[in-house]
Amino acid sequence: MQNTNPIQQRIELLADKWTEATFRQEGRMIRILAKPEEEEMVNTFFEYMLALDSSVDEIAILFETPFENPGEFSGLLLKELEDIIKIWNEAGKPESLMFAPIEWQPDFSLADKDEPAALFVRNINKFAELVLSGTDRLLVPVLFLFSDNKKEVNNWLQSALRCSIAENIRIAIPDSTARYLLDATATDFPDEVITILPELDINNGISQFAAMGDPADPNTSFQYSYVKMCLAMEKRKQKEVQTQANTCLQIAAEHVEQNPNWLTQMVVVHIALANNELGNKNYKKAVKEATLALDIARKSQEHLDENLSTRLCAQCCMIRGSILSTDKKWEKALADFDEAAELYGSCKDNIMQVEALRMSGYAADGANEKKKAVQSLVAGLRVGATIPVNVIAASSFPLLVKSLLKHNYNSVISDEELDGLLKPIWGDDWRKVLKQLTSIGDIDYFMQA
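Residues numbered from 1 in each chain as written. Predicted model: local features only at pLDDT ≥ 70, side-chain atom pairs only at ≥ 80, totals over all residues. Heavy atoms only, no water.

> Describe the side chain of Q158, with residues and values.
For Q158, the position within the fold is in helix α5 (residues 150-162). The contacts of Q158, once residues within four sequence positions are left out, are A184, T185, D188 and F189. (Helix = DSSP H or I, 4+ residues; strand = E, 2+ residues; numbered from the N terminus. Contact = heavy atoms within 4.5 Å.)

> Lay out helix α8 (residues 218-234) with the relevant residues and their values.
With 17 residues, α8 should reach 24 Å at 1.5 Å per residue; the first-to-last C-alpha distance of 25 Å fits that figure. Listed as buried for α8 are T220, F222, S225, V227, M229, L231, A232 and M233. Backbone geometry just after α8 places R236 at a positive phi near 60°. (Expected span 1.5 Å × (residues − 1). Buried < 20%, exposed > 50% of the residue type's maximum accessible area, 1.4 Å probe, protein only.)

> Before we move on, can you summarise the pattern of salt bridges with the specific residues and values?
For the coordinates displayed, the defined rule picks out 17 salt bridges. Close ionic contact of D365 with K370 constitutes a salt bridge, the shortest N to O distance being 3.3 Å. Exposure remark for D365: the relative accessible area of 24% places this residue in the partly exposed category. The class of K370 is partly exposed, set by a relative accessible area of 42%. Here D415 makes a salt bridge to R431, at a shortest N to O gap of 3.1 Å. With D415 in helix α18 (residues 415-426) and R431 in helix α19 (residues 430-436), this residue pair connects regions lying 16 residues apart in the sequence. Residue D415 is classed as partly exposed on the basis of its relative accessible area, which comes to 30%. Its relative accessible area of 33% is what places R431 among the partly exposed residues. Residues joined by salt bridges that share partners form a network here, namely R31, D175 and D183. (Salt bridge = Lys/Arg side-chain N within 4 Å of Asp/Glu carboxyl O.)

> Any details on the environment of T243? Residues and values, ideally.
Examined against the element boundaries, T243 turns out to sit in helix α9 (residues 238-255). Taking the C-alpha atoms as reference, T243 lies 7.9 Å from M229; in sequence the two are 14 residues apart.

> Hey, could you go over unusual backbone geometry for me, with residue numbers and the actual values?
Phi is positive for F146, which is not a glycine, with a value near 50°. Even without glycine at this site, N368 takes up a positive phi of about 60°. Mapped onto the secondary structure, N368 falls in the loop between α14 (350-366) and α15 (370-384). Since its relative accessible area comes to 59%, N368 is described here as exposed.

> So, the environment of D136: which residues are in play, and what are the values?
Relative to the elements of secondary structure, D136 occurs in the loop between α4 (118-131) and β3 (139-143). Using a relative accessible area of 73% as the deciding quantity, one classes D136 as exposed. In this structure the C-alpha to C-alpha distance between D136 and N168, which are 32 residues apart in sequence, comes to 7.9 Å.

> Can you explain the side chain of R320? Please cite residues and give values.
Counting through the fold element by element, R320 comes out in helix α12 (residues 306-326). The class for R320 is buried, based on a relative accessible area of 16%. Setting aside its immediate chain neighbours within four residues, R320 contacts V287, A290, T291, L294 and D336.

> Got a sec to walk through the packing of α12 against helix α13 (residues 330-346)? Specific residues and values, please.
Taken N-terminus to C-terminus, the directions of α12 and α13 make an angle of 160°; their axes are 8 Å apart at the nearest point. The angle between α12 and α13 places the two elements in the roughly antiparallel class. Between α12 and α13 lies a crossing of left-handed hand. On α13, the residues touching T310, R311, C313, A314, Q315, C317, M318, R320, G321, S322, L324 and S325 of α12 are W330, K332, A333, D336, F337, E339, A340, L343, Y344 and S346. When the residues that make up the contact of α12 with α13 are grouped by side-chain class, the tally is 11 nonpolar, six polar and five charged. (Axes fitted to C-alpha atoms, helices over the stretch in contact; angles between N-to-C directions. Parallel < 35°, antiparallel > 145°, perpendicular 65-115°, else oblique. Left-handed = near helix turned anticlockwise from the far one by under 90°. Nonpolar A, V, L, I, M, F, W, Y, C, P; charged D, E, K, R; others polar.)

Structure follows, in structure tokens:
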């Protein structure tokens, strides 16, 4: 491990713990119970298992089907497996790789009305028999689950264990100490569910990684101090936050004349400090840091690419506007959001212009300027309607439309124009669709194909 970086070292550490867990012959499920800050590393580990040069010998299959209806979950997993096999069979392969197409299809007659997991387990057992023939390797279906429905998830997993998972299979499931999703199954089946505690010391690893590089390069020193500042923010160590921030700003100031791009780094530090103070509910300090960020961003317009500096200014306006609106300083927030909308418009960033206009409407409402609110929201509507439909799901456009519909808007936009703009997106019943949306996460579900 000495020739690898700290992040790679932690992946290898987890690989060692994984290999040790697979030796437990009675184990059929391996649960990796990670702290929240370790979850991304665990996901990286599962991706690492797929690599040809991985130190893990098992054959992993990553299933991303979310657990919703326990009666349908097995069938959906098998359909996803069919798709995975098709991709594998059709993908280009290195010439050095011995390759034969996988000829396999699920048998949907293997279901059992009393055991919701039987269909998946019986099929995956047969699949393992095919792909592992003549080897002593293991097949590892990785189930991400994506569910907080603990009762139904554990009922399905316990059904899987009752259905006799084959000896050459280990079902891997990531879990988190923020949820403890699999506790019931781990408690009821202590021999068959093996729990791995990663214990990866992520924060220290990130600091070590940030410190790597040429010590003479100011970017290395800046990156190291910036990471230490962010870690101090997480631990609410305010004195350490300011110490590391000062170090970052000093490094940037010493090199900005030779390289104006350091202005961007200075903006990043002040934005981080503003968000930190916002988290501490110290709005006065948060506004001060956001203002410093905006002042530097405006200065950057003399030295940096116009598009970059314009976006930087717009971002700072959005952040300061958000802080001001949280503190109910509505008039000042409104001015920031209007400026951000104009800036995003000038660099043709429609998605962010829509968001800035939505927030302008929100701040105008707070200031009891109803006409201004409608004007901002209608402006955002007209911009948003130009965004391709497949991009709208990633924007706040539907939430803007919902906000507009709460107002008396007819003096600014007619129902006919509304229909003309929104029917191409959500169909003739777009008003009904909008009522069913509760968050941005719902938007993709209701969007027209």
